[in-house]
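# Coordinate analysis (summary)
What follows is the residue order along each chain.
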Amino acid sequence: MEKIPITIIGGGVVGLAIARELSSRGVAGVYLFEKNLYLGDEQSGRNSCVLHAGVYYTPGSLKARLCVEGNPMLYDFCRANGVACFNTSKIIVAVDEAKDRMLDSYLKRCAANGVRGVKKILSSEILKIEPNVRAMSALYVPPTGVLDVPEYVKALARQAADAGAGIIKETEVVGVMSVSGGFVVKTRDSLGSEDEFHTESVINSAGLYADEIAAMVNPANSWRVAPLRGEYYRYDSALRDDIELKGTCVYQVQEPYELDGKLYFGIGIHLTPTLDISPDGTRKIGRYVSVGPTSIPVENKHDYESGRKDARYFYDDVKRFFPNLRLDDLQPDYAGNRAKLKGYDDFVIRRDEKYPDCVHLVGIDSPGLTSSLAIARYVSKEFFGGK
Ligand SMILES: Cc1cc2nc3c(=O)[nH]c(=O)nc-3n(C[C@H](O)[C@H](O)[C@H](O)COP(=O)(O)OP(=O)(O)OC[C@H]3O[C@@H](n4cnc5c(N)ncnc54)[C@H](O)[C@@H]3O)c2cc1C
């Protein structure tokens, strides 16, 4: 039977960043398996493309730490590798006094998480940043930005392959069984051909399916990924001056909600600039503004369409701070499902309790894109002897 030292399951930004990190450190025999024809086609290709700053996450959590570390790493990577990224900054707007008080709790979280440069601003300053946004006050968050995710996926895959990693697409891992000295991994390709090989280590970065892989490795693992759909609309900001955005990400304060005795902060529907291609081939902030995403639990991990919300749902939410938008400005756009881990509000990155040569990455929902390079460095250091 063929032997492979390290098997990575999943070719989203996290699996690819880990393949790149390990192989560029000189670790030999890294192979990544992706079930789809294209890399980054699930969560990684269906998100808001935002480089988050780290405002919302519980201080001390992996999300807080890896987002704050990952943000500058991702800007640096994009700049060094010709991947378009724009440090747009963001405003989180409060439309009434209750929401205004919430900004103060966000500010405390920013201080605890080490998010730099955040400050509270008043409506007159909001108007200078985004003249069409109406709010009482806002938090100004300088580290936020947007990036070209498809180009990021390509750059990660190219660098991983150049450093010696094998990237095998259209090949689904359908079984992982612990044996002496590692695991036997069973795969099935898109033509239905099956194969088996021996591997010393498994890295489970299967996104929405990481719970299923974890249960294959060790049936005692009971994590459950409960997909949370994020739907988007968009509008053309060049249609009228009164709906133009100057390129800032505009979020609104969400009501915190309590679950299992803990307080959670949602991100909610926001306005995000998208990218266009200039005549000279470079990327620029484009004319379309993305409106979304929703947070709607769905049964099926790849159901992106059934029962989608209509334009009014988005319009009613956004008009509170963006009053000139009209219902018929909104056009339906894509949707993505987040790998929300039931009962957790943090990334889970740990060795399997029974089979420690397998590392699971479960519940890598937002801010997994922003954190991807920091997650890869963390996995390399904690589990594969990296620095
Ligand atoms: C609507 C939405 C908005 C978001 N917005 C942001 C944002 O603005 N900023 C941010 O930082 N994060 C955001 N996120 C989160 C971010 O997209 C994810 O955290 C990140 O993409 C996770 O990457 P991943 O590689 O872990 O997972 P994925 O991209 O889901 O990749 C997992 C891969 O594993 C493959 N796979 C699964 N099972 C198998 C198998 N058995 N065999 C082989 N391959 C398999 C899948 O096909 C998939 O390609 C958002 C997510 C969503 C859905």
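What you see is a predicted model; the values in this text were computed from it and never measured. (Residues numbered from 1 in each chain as written. Predicted model: local features only at pLDDT ≥ 70, side-chain atom pairs only at ≥ 80, totals over all residues.)

### Things to note about the overall build of the protein chain
- In terms of helices and strands, the protein chain carries eight helices and 22 strands.
- Relative to the compact-globule value of 21 Å for 387 residues, the protein chain shows a C-alpha radius of gyration of 21 Å, a close match.
- Here the C-alpha coordinates of the protein chain stretch approximately 70 × 50 × 40 Å along the principal axes.
- The buried share among the 387 residues of the protein chain stands at 45%.
- A sequence separation of at least 24 residues applies to 72% of the contacts in the protein chain between residues at least 6 apart. (Helix = DSSP H or I, 4+ residues; strand = E, 2+ residues; numbered from the N terminus. Rg over C-alpha atoms; globule rule 2.2 N^0.38 Å. Buried ≥ 20, exposed ≤ 12 C-beta atoms within 10 Å, placed from the backbone. Contact = placed C-beta atoms within 7 Å.)

### A word on the sheet that holds strand E8 (residues 145-147)
- If you walk across this open sheet you meet the three strands as E3-E8-E4, and the pairing is antiparallel. Sheet topology places strand E3 (50-51) and strand E4 (85-86) at the edges, where each strand pairs with a single neighbour.
- Two elements, E3 and E8, share two bridges in a ladder whose sense is antiparallel. Bridge pairing in E8 places Val 50 opposite Val 146. (Pairing = 2+ DSSP bridges.)

### Considering the environment of Ala 138
- Relative to the helices and strands, Ala 138 resides in strand E7 (residues 137-141).
- By the C-beta count within 10 Å, which is 31 here, Ala 138 ends up buried.
- Separated by 48 residues in the primary sequence, Ala 138 and Lys 90 have C-alpha atoms spaced 9.6 Å apart.

### Some details on the site of the ligand
- Residues in contact with the ligand amount to 42 residues; listed here are only the nearest, Gly 10, Gly 12, Gly 207, Gly 230 and Gly 368.
- Elements with a contribution of two residues or more to the shell around the ligand: helix H1 (13-24), strand E10 (171-179), strand E20 (331-338) and helix H8 (368-383).
- For the shell around the ligand, a count of residues per class yields 15 nonpolar, 19 polar and eight charged.
- Looking at the shell around the ligand, you find at least three residues from each of domain 1 (3-45 + 151-224 + 344-383) and domain 2 (90-142 + 227-338). (Near = placed C-beta within 6 Å. Nonpolar A, V, L, I, M, F, W, Y, C, P; charged D, E, K, R; others polar. Domains from an automatic or database assignment.)

These figures capture arrangement, not role.
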